[in-house]
Amino acid sequence: MTDSPVALITGGGSGIGAATARRLLDQGHRVTVTGRGAERLRRFAEELGEPAGLLTLVGDAADYQDVQAAVSATVEEFGQLNTVVANAGFTSFDHVTDGDPAVWRDMVLTNVLGPALLIRAALPALRETRGRIVLIGSVAGVVYSPGNIYGATKWAVTGLAENTRRMVTDDGIGVTLVNPGATETNFFDAAGGPPDRAMMTADQIAGAIVWAIDQPHGVDVNTLTIRPVPSPL
């Protein structure tokens, strides 16, 4: 157990992050999960039986002190860090013509600044393990959507992934951008629930994430865009 890989997942108390944590724990990884909701994290740990290889930490993915603290706590608890998954994010389901700029600010900070902060904080530990960075983007980050601010944040994540890959490839660090299409998570809560169309499960997306993480050193899967069938985008 003490030699098993270690992953840190932001926004990991539910949805894709939680599904990824479950799969990694099942494989014998040790996992830190962060999130802003203490109760959600507590329930997640209880559902899994509070395994010894799981560390849950309350923190804001867009606050650098919280992110640094999560990285430090992970290395202190488990001795290393092999993978980070920048999963925390949300959408306001509005448009540039009628949306709430205050909500946009929080969305940009979480969706764009958050992954950058995680990369910044985790790089020293990842250089030691020649680890991996996984950024959760979106189909909205590869397909244009009229007036959509959320899509703009995910286009930024698309750019961040490739810019980061070029920066860290000589360090032996892999970078994977995962772009899910419509997925059954609490992502759609702000819109009144999921739309009536084909959707994937969080576990299906988690399977792709873990597959990329499990690639041998020297193999770097850079972009995975995953859609349900049929998909309008």
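Given the structure is predicted, the values throughout are model-derived calculations rather than measurements.

The rules behind the values
- Residues numbered from 1 in each chain as written.
- Predicted model: local features only at pLDDT ≥ 70, side-chain atom pairs only at ≥ 80, totals over all residues.
- Heavy atoms only, no water.
- Core = buried A, V, L, I, M, F, W, Y, C linked by side-chain atoms within 4.5 Å.
- Buried < 20%, exposed > 50% of the residue type's maximum accessible area, 1.4 Å probe, protein only.
- Helix = DSSP H or I, 4+ residues; strand = E, 2+ residues; numbered from the N terminus.
- Contact = heavy atoms within 4.5 Å.
- Pairing = 2+ DSSP bridges.
- Axes fitted to C-alpha atoms, helices over the stretch in contact; angles between N-to-C directions.
- Phe/Tyr/Trp six-rings, centres within 6.5 Å; stacked < 30°, edge-to-face > 60°.

J.: What is the right way to read the nonpolar core from this model?
T.: As a rule of thumb, soluble globular proteins bury nonpolar side chains together. Val178 and Ile209 are the most contacted members of the largest nonpolar core, which has 30 residues in total. Elements represented by at least two residues in this core include exactly β1 (6-9), α1 (15-26), β2 (30-35), α2 (38-47), β5 (132-136), α6 (202-213) and β9 (223-226). Looking at this core element by element, the count peaks at 8 residues for α6. Ignoring any residue separated from it by four or fewer positions in sequence, one finds Val178 in contact with Val134, Leu135, Ile136, Gly137, Ser138, Ile205, Ile209, Leu224 and Ile226. Listed in part, the 26 residues of the second largest apolar core include Val71, Leu118, Ala125 and Val157.

J.: How should the sheet that holds strand β4 (residues 83-86) be read in this particular structure?
T.: Strand pairing in a sheet relies on backbone hydrogen bonds, with the paired strands running either antiparallel or parallel. The strand order β3-β2-β1-β4-β5-β6-β9 describes an open sheet built from 7 strands, whose pairing is parallel. Taken across any chain shown, the strands that pair with only one partner, and hence form the sheet edges, are β3 (54-58) and β9. Neighbouring strand axes in the sheet, compared pairwise and without regard to direction, differ in orientation by 15° on average. Where β1 meets β2, 4 bridges bridge the pair, whose relative direction is parallel. Residue pairing for β2: Ile9 is matched across the bridge by Val33. Sitting on the sheet, α1 is in contact with β1, β2, β3 and β6 (174-180), with an inclination near 170° to β1. In the packing of helix α3 (residues 64-78) onto the sheet, contacts are made with β1, β2 and β3, and the angle to β3 comes to roughly 155°.

J.: Please clarify how the packing of aromatic side chains should be interpreted in this entry.
T.: In this description, an aromatic ring pair is defined by two values, namely the gap between the centres and the angle between the planes. The tally for this structure, following the rule as stated, stands at 1 aromatic pair. On the basis of an interplanar angle of 15° and a centroid distance of 4.6 Å, the ring pair of Tyr144 and Trp155 is categorised as stacked. With a gap of 11 residues between them, Tyr144 in the loop between β5 and α5 (149-168) and Trp155 in helix α5 connect regions that are remote in the sequence. When its relative accessible area of 69% is taken as the criterion, Tyr144 is described as exposed. Residue Trp155 is classed as partly exposed on the basis of its relative accessible area, which comes to 29%.

J.: Is there a simple way to explain the pairing of β6 in this structure?
T.: Regular strands place their side chains on alternate faces of the sheet. With 7 of its 7 residues buried, β6 lies for the most part within the structure. Burial along β6 is two-sided: Gly174, Thr176, Val178 and Pro180 facing one way and Val175, Leu177 and Asn179 facing the other are all buried. The pairing of β5 with β6 spans 5 bridges and is classified as parallel. Bridging from a neighbouring strand, Ile133 pairs with Val175 of β6.

J.: Mind showing me how you'd approach unusual backbone geometry here?
T.: A negative phi angle is the norm for most residues apart from glycine, just as the trans form is the norm for most peptide bonds. Residue Val229 is joined to Pro230 through a cis peptide bond whose omega torsion reads 0°. Counting through the fold element by element, Pro230 comes out in the segment after β9. Phi at Glu50 is positive, roughly 50°, even though this residue is not glycine. The exposed category is assigned to Glu50, whose relative accessible area is 54%.

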